[in-house]
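Fold and contact review
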Amino acid sequence: MTTRRTATRLAAAATAGSLVLLTGAPALAAEKPVAQASATALRLTIGGTPADSGTYEVTNDGERQRTTGSDSPAISVLGGQDFVQAGTLAQKARTQVEDGRGASAACSGLAGDGAVLLEVDEGSCLRPGDNLELNAGTLDLSNLQLVRSDFLAGLDQQLQDALAPVLDPLLAGLQAALEQVLDAADAAIVLDLGAIQSFCIARPGELSGGTTLAGAGASLRLAGQEVDLVNLPADPAPNTKLVTDLGEVVDLVLQALRTQFTEAIGGALGPLAQVIDQAEVLTSALGTIGEQLAPLEDNVLDVTLNKQERGRDRIDVTALDLRLLPAAASFGVELLNVEIGRSTCGPNGRVQPDEPQEPSTPAPQPQPEEPQVPTSVPAGSDGSGLGTGGLVALLVAALGAGVAATRRTLRS
């Protein structure tokens, strides 16, 4: 009875353990989705402070699709930043199973007011509306100044001696003219676009993505004038780099200064105006300022279009990646990093088919064998006969038969 109870308990424990493993199997499978995709319309970092539109994420476990986040967030989710105050954000994604394998698609981007949101359509989730103007940064040039040693270094000794009596009022007049030009400059980098969006697709035999831009460009406004920095192509190739040269902006500043400096010199030199070469003085003053403006010509605005990163069964596409480089920091520019339209597809996998379960049949129970009484005894003990063990068995059997015969005799 004790042996039977022990066997019953062991069988129950084994059954319970099997149930635990079975219930844990779906949770393990859910950690590896068959298909997945995500989309983020806009991500900003302004002065080291990040803000984004959130991420819309879709996963598929082979039986159903699950989503997290919003596919049409409002501009207000970006908080109190100055980069964008109006417009339409889109971040769409979908998944499905094709021929037993996962497939995914995503699209995301930004457009002006009046844009129409579309479903993921292999390249477009936004139909442009009004153009949208984005403030990409302000160039604060107020720290430019004329330094006495730098200014005099551009003049010959005879002219330096001639300027000595009026050098201080001359520098003061030039500095005042410089400040007047800088105050009126109000330089700002502006992005103008109708719609900018990226898309990606990951399905069996295909891993692709791209970017489309409508009416997009970058310019700089300075003292009431607008300088085109770059016009963005409508269908850029993967990882297209746009390096912006602000040399034209430097020329505008120097032209404005030349006019102001001429007036300032006319008032500051007084009776010495006839003996001083104004052209040489202007050249020296403008050269000093030009050296301070030189960093503006060195990739202040770095733009990557259709930025793509690929991995195994995965693709990540960003429509526009914009960065204000450290060269602008010396001019008081608040550093800005912008990612518009980031779409990610994959990695995807294969749906694992259920293995067929064969019906289990109980194993046959061994039947007890009837004892066989030997009728002859082979001689020898070299392995061909019974050997010592066989002889012992025969002696035991004979002894048993003798005892049984004795009992029958006594009974009779």
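Residues numbered from 1 in each chain as written. Predicted model: local features only at pLDDT ≥ 70, side-chain atom pairs only at ≥ 80, totals over all residues. Heavy atoms only, no water.

Looking at the pattern of salt bridges
Note the threshold: Between Lys or Arg on one side and Asp or Glu on the other, a salt bridge is scored when a side-chain nitrogen of the former is within 4 Å of a carboxyl oxygen of the latter. The classification of residues rests on relative accessible area computed with a 1.4 Å probe and restricted to protein chains. Under 20% of the type maximum is buried, over 50% is exposed, and intermediate values are partly exposed.
The tally for this structure, following the rule as stated, stands at 14 salt bridges. Salt-bridge contacts for D61 lead to R66; the nearest nitrogen and oxygen are separated by 2.9 Å. For D61, a relative accessible area of 29% corresponds to the partly exposed category. Among the salt bridges present, the one from R323 reaches D321, with a minimum N-O distance of 3.0 Å.

What to know about the environment of V97
Put simply, the rule reads: Only DSSP runs of H or I covering at least 4 residues are called helices, and only runs of E covering at least 2 are called strands; the numbering of each starts at the N terminus. Between two residues, a contact is recorded if the distance between any of their heavy atoms is within 4.5 Å.
Structurally, V97 can be placed in strand β5 (residues 88-98). Expressed as a C-alpha distance, the spacing of V97 and R350, which sit 253 residues apart in the sequence, is 8.6 Å. Among residues more than four places away in sequence, those in contact with V97 are V34, N60, G62 and V351.

Digging into the confidence of the model for the protein
Short version of the rule: One number per residue, pLDDT, summarises how confident the predictor is, and it ranges from 0 to 100.
Averaged over all residues, the pLDDT of the protein equals 77, while 74% of them reach at least 70. The least confident element of the protein, judged by mean pLDDT, is helix α1 (residues 2-30) at 41; the most confident is strand β3 (residues 56-60) at 97. Taken together, the stretch residues 1-8 has pLDDT below 50 and engages in zero contacts with residues farther than four places along the chain or on a different chain. The low-confidence segment residues 376-407 (pLDDT under 50) makes 14 contacts with residues lying over four places distant or belonging to another chain.

Here we look at a negative patch on the surface
The test is simple: Patches here: salt-bridge-free residues with over 30% relative accessible area, like charges joined within 9 Å, nonpolar side chains (Val, Leu, Ile, Met, Phe, Trp, Tyr) joined within 5 Å. Only the protein chains shown count as cover for residues, and the accessible areas themselves come from Shrake-Rupley with a 1.4 Å probe. We score Asp and Glu as negative and Lys and Arg as positive, and we do not count His or the chain ends. To locate a charge, the coordinates of NZ of Lys, CZ of Arg, CG of Asp or CD of Glu are taken.
Where like charges cluster on the molecular surface, the negative patch consists of D228, D245, E248, D251, E297 and D298. If you trace the backbone, D251 turns up in helix α5 (residues 247-268).

Focus: the side chain of D302
As a reminder, the rule being used: Pairing of N or O atoms within 3.5 Å defines a polar contact, subject to two protein rules: one partner must be a possible hydrogen donor and the other a possible acceptor, and residues neighboring in sequence count only if both atoms are side-chain atoms.
Considering the arrangement of structural elements, one finds D302 in strand β16 (residues 301-311). Here the side chain of D302 touches K241 through a polar contact of 3.2 Å, side chain to side chain. In this view, D302 contacts K241, L242, D321, L322, R323 and L325; residues no more than four positions away in its chain are not counted.

Looking at the nonpolar core
General note: in soluble globular proteins, nonpolar side chains tend to be found buried as a group. To keep it simple, the criterion reads: Each nonpolar core is a collection of buried residues, namely Ala, Val, Leu, Ile, Met, Phe, Trp, Tyr and Cys, held together in the definition by side-chain atoms within 4.5 Å.
Ranked by internal contacts, the top residues of the largest apolar core, which has 76 residues, are F83, F151 and F261. In terms of residues, this core owes the most to one element, helix α4 (residues 167-185), which gives nine residues. Apart from residues no more than four positions distant in its own chain, F83 is found in contact with L42, L44, I46, L134, N135, A136, L191, L336 and V338. Counting ten residues, the second-largest nonpolar core is a separate cluster that includes V58, A93, A106 and C345.

Let's talk about α4
Let me state the cut-off plainly: Multiplying one less than the number of residues by 1.5 Å gives the expected span of a helix. Note that the arc is computed from the directions linking the helix axis to the C-beta atoms.
The terminal C-alpha atoms of α4, which comprises 19 residues, lie 27 Å apart, in line with the 27 Å expected from a rise of 1.5 Å per residue. When we look at burial in α4, the residues that qualify are L167, L170, L171, L174, Q175, A177, L178, V181, L182 and A185. Down the axis, α4 shows its buried residues gathered within 160 degrees of arc, on one side only. Downstream of α4 by a residue or two, D186 has a phi angle that is positive, lying close to 45 degrees.

A few points about helix α6 (residues 278-293)
Across its 16 residues, α6 extends 22 Å between first and last C-alpha, which sits within 8% of the 22 Å expected from 1.5 Å per residue. V281, L282, S284, A285, L286, T288, I289, G290 and L293 are the residues of α6 that are buried.

Observations regarding the sheet that holds strand β10 (residues 187-193)
Across a sheet, strands are paired by hydrogen bonds formed along the backbone, either parallel or antiparallel in direction. Operational definition: By definition, two strands form a pair when at least two bridges between them are found by DSSP. Axes here mean lines fitted to C-alpha atoms, for a helix over just the part in contact, with angles spanning 0 to 180 degrees between N-to-C directions.
With antiparallel pairing, the four strands of this open sheet are ordered in space as β9-β10-β13-β14. The open sheet has two edge strands, β9 (132-139) and β14 (225-231), and neither has a second partner. Ignoring which end each strand starts from, the neighbouring axes of this sheet average 25 degrees apart. With five bridges joining them, β10 and strand β13 (residues 217-222) adopt antiparallel strand pairing. By the bridge assignment for β13, D192 is matched with G217.

Topic: the sheet that holds strand β12 (residues 206-214)
Spatially, the four strands line up as an open sheet ordered β5-β6-β11-β12, and their pairing is antiparallel. Every other strand in the sheet has two partners, leaving β5 and β12 as the edge strands with one partner each. Pairs of neighbouring strands in the sheet enclose a mean axial angle of 5 degrees, with direction left out of account. Strand direction decides the pairing type here: β5 and strand β6 (residues 101-111), joined by eleven bridges, are antiparallel. Across the sheet, A90 pairs through a bridge with G109, a residue of β6.

Focus: the state of the cysteines
Operational definition: To count as a disulfide, a pair of cysteine sulfur atoms needs to be within 2.5 Å.
Scanning the entire structure with this criterion turns up two disulfides. Paired through a disulfide, C200 and C345 show a sulfur-sulfur distance of 2.1 Å. The disulfide joining C200 to C345 has a torsion of about 80 degrees about its S-S bond and is therefore right-handed. On the criterion of sequence distance, the pair formed by C200 in strand β11 (residues 195-203) and C345 in strand β18 (residues 336-345) is long-range, its members being 145 residues apart. We note that C200, like C345, is buried.

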